[in-house]
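An overview of the molecular structure
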Number of protein chains: 2
Amino acid sequence: MSDPPPKRRLRMTRQRRVILEELKKLKAHPTADEVYEVVRERLPRISLSTVYRDLETLCEWGKVRLLEVGCAKKHFDYDTRDHYHVRCARCGRVENLPVEPFTYLEQAFRDLTDYEVTGHKLELIGICPECKRKEEEEKKSKEEAP
Amino acid sequence: MSDPPPKRRLRMTRQRRVILEELKKLKAHPTADEVYEVVRERLPRISLSTVYRDLETLCEWGKVRLLEVGCAKKHFDYDTRDHYHVRCARCGRVENLPVEPFTYLEQAFRDLTDYEVTGHKLELIGICPECKRKEEEEKKSKEEAP
DNA sequence: CTAGATGCAAATTCTTTGCGGTCAA
DNA sequence: TTGACCGCAAAGAATTTGCATCTAG
């Protein structure tokens with residue numbers, strides 16, 4: 001479930017550089033295949049498995065962060081600092097919340113569990129502006145022609 | 001990503017009853033195939049796909065709750081009330097935290113996002129007692145014979 | 001009776017792995 | 001030069017779906 005730091009000598013390859021650059025550009029928190037789609041425009045011959053492998057390597061390397069959000073797909077983040085997220089319940093999009101994590105929460109919960117607490121995750125769930133707009137359009141069109 | 005309530009007439013079948021009963025007995029938050037293994041002792045001919053389908057149906061029905069914890073597998077909970085969880089970073093086990101959710105958190109975050117906030121999830125990450133014990137044993141055996 | 005549920009097998013989706021050729025350090 | 005990496009194809013793991021058959025209401 002968690003891995004020891006890698007011992008091998010890591011290389012900054014072209015594909016890793018591009019993945020990193022594109023991830024930095026994206027404000028969102030893309031999944032592996034979203035990264036693949038973007039990177040492919042610059043490196044048309046890159047394979048999806050390389051994207052998966054490189055994202056994992058960059059995580060071990062501390063250049064990228066794997067988000068364990070509450071949905072099936074893995075999301076990746078260029079910002080490796082601890083921070084909270086909002087996730088859209090409709091489309092799955094994930095965005096940052098501009099606040100410092102509440103470290104006191106972990107302390108507050110320590111007495112409530114026999115786990116050795118090492119961290120916490122806070123995720124807001126909601127509807128993103130785009131999905132909200134779509135929802136309202138659909139509602140309107142239903143009212144007009146039911 | 002979320003579904004409207006079902007319109008069809010749902011049936012309390014034998015398999016659904018047993019799934020519900022076994023889920024109630026388990027203190028943990030099992031995955032679909034963990035439910036399958038337990039239920040199979042009482043209904044040897046049940047199929048895994050039925051377990052998946054019934055767990056989903058029972059969720060729609062409000063009898064069971066799907067936990068969207070930060071790991072690949074889906075976990076299910078007999079307790080449908082809002083509550084927080086601790087997850088073991090090693091083995092993935094999920095347990096309840098005996099506190100009332102902090103509803104004020106959502107209010108506090110509303111101004112920080114343009115999402116329409118509908119809920120939040122708080123998850124502690126840690127090492128469960130069993131994994132901690134295993135870890136210490138391993139460390140000890142390494143020291144004895146390196 | 002009959003809409004809804006089941007069991008089985010096959011299909012999907014996301015992710016990982018094995019391998020021969022390639023490339024950064 | 002050479003161990004780490006790449007692309008490709010194939011395998012895996014978790015979950016979903018199609019369909020003929022059963023069954024709760």
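Cut-off values and rules
Residues numbered from 1 in each chain as written. Chains lettered and ligands numbered in written order. Predicted model: local features only at pLDDT ≥ 70, side-chain atom pairs only at ≥ 80, totals over all residues. Heavy atoms only, no water. Axes fitted to C-alpha atoms, helices over the stretch in contact; angles between N-to-C directions. Helix = DSSP H or I, 4+ residues; strand = E, 2+ residues; numbered from the N terminus. Parallel < 35°, antiparallel > 145°, perpendicular 65-115°, else oblique. Contact = heavy atoms within 4.5 Å. Core = buried A, V, L, I, M, F, W, Y, C linked by side-chain atoms within 4.5 Å. Buried < 20%, exposed > 50% of the residue type's maximum accessible area, 1.4 Å probe, protein only. Buried area = accessible area lost by both parts, 1.4 Å probe. Salt bridge = Lys/Arg side-chain N within 4 Å of Asp/Glu carboxyl O. Polar contact = N/O pair within 3.5 Å; in protein donor to acceptor, adjacent residues only side chain to side chain. Near = heavy atom within 4 Å. Least-squares fit on C-alpha atoms with pLDDT ≥ 70 in both.

1. As for the packing of helix α1 (residues 14-25) of chain B against helix α2 (residues 32-39) of chain B
Residues and elements named next belong to chain B.
- One can describe the packing of α1 onto α2 by two numbers: an axis separation of 10 Å at closest approach and a directional angle of 105 degrees. Considering their axes alone, α1 and α2 lie roughly perpendicular with respect to each other. Contacts between α1 and α2 pair Val18, Ile19, Glu22 and Leu23 from the former with Val35, Val38 and Val39 from the latter.

2. Points about the nonpolar core
- Formed by 26 residues in total, the largest nonpolar core has its most connected members in Phe109 of chain A together with Phe109 of chain B.
- Those elements that provide at least two residues to this core are β3 (84-88), α4 (104-109) and β5 (116-127) of chain A together with β3 (84-88), α4 (104-109) and β5 (116-127) of chain B.
- With residues near it in sequence (within four places) discarded, Phe109 of chain A still touches Tyr84, Leu97, Val99, Phe102, Leu122 and Leu124 of chain B.

3. Topic: the interface of chain B and chain A
- Each partner contributes to the interface: chain B provides 42 residues, whereas chain A provides 42 residues.
- Interface of chain B and chain A: buried area, both sides summed, is about 3,700 Å²; carbon and sulfur atoms make up 64% of it.
- There are zero salt bridges connecting chain B and chain A.
- Remark: the boundary between chain B and chain A carries ten residue pairs in polar contact (both at pLDDT 80 or more).
- A per-element tally of the side of chain B that touches chain A places β5 of chain B first, with twelve residues.

4. What to know about the protein's contact with DNA strand D
- Neighbouring DNA strand D are 22 residues, the closest being Arg11, Arg16 and Thr50 of chain A together with Tyr52 and Lys73 of chain B.
- For DNA strand D, the fraction of protein-proximal atoms (within 4 Å) that sit in sugar or phosphate groups is 67%.
- In the model, a phosphate oxygen of DNA strand D is placed 2.8 Å from a nitrogen or oxygen of the Thr13 of chain A side chain.
- Within the contact set of DNA strand D, a phosphate oxygen lies 2.3 Å away from a side-chain nitrogen or oxygen of Thr50 of chain A.
- When residues of the surface near DNA strand D are traced back to their parent elements, those giving at least two are α1 (14-25) and α3 (48-60) of chain A together with α3 (48-60) of chain B.

5. Considerations on the relation of the copies chain B and chain A
- Of the transformation superimposing chain B on chain A, the axial component is 0.0 Å and the angular component is 180 degrees, with the fit at an RMSD of 0.1 Å. Taken together, the rotation and translation relating the two chain copies correspond to the operation of a two-fold axis.
- Of the residues that chain B buries at the interface, 100% are likewise interface residues in chain A, meaning the two copies contact each other through the same surface.

6. Focus on the side chain of Thr57 of chain A
Residue and element names in this part refer to chain A.
- Assignment of secondary structure puts Thr57 in helix α3.
- Thr57 gets classed as buried once you look at its relative accessible area, which sits at 6%.
- Discounting residues that sit within four places of it in the chain, Thr57 has contacts with Arg8, Leu10 and Arg16.

7. Digging into the pattern of salt bridges
- What the rule picks out here adds up to 24 salt bridges over all chains.
- As a salt-bridge pair, Glu130 of chain A and Lys134 of chain A come within 4.0 Å of each other at their nearest N and O atoms. With Glu130 of chain A and Lys134 of chain A both in helix α5 (residues 129-144), this residue pair falls four residues apart, about one helical turn.
- Residue Lys134 of chain A is classed as partly exposed on the basis of its relative accessible area of 40%.
- Note that Arg90 of chain B and Glu135 of chain B form a salt bridge whose closest N and O atoms lie 2.6 Å from each other. Residue Arg90 of chain B is found in the loop between β3 and β4 (94-97), and its partner Glu135 of chain B is found in helix α5 (residues 129-144); the two are separated by 45 residues along the sequence.

8. Notes on the environment of Leu48 of chain A
Residue and element names in this part refer to chain A.
- Along the chain, the position of Leu48 falls in helix α3.
- With relative accessibility at 32%, the residue Leu48 sits in the partly exposed group.
- Leu48 sits 14 residues away from Glu34 along the chain, and the two C-alpha atoms are 10 Å apart.
- Excluding residues within four positions of it along the chain, Leu48 makes contact with Ala32, Asp33 and Tyr36.

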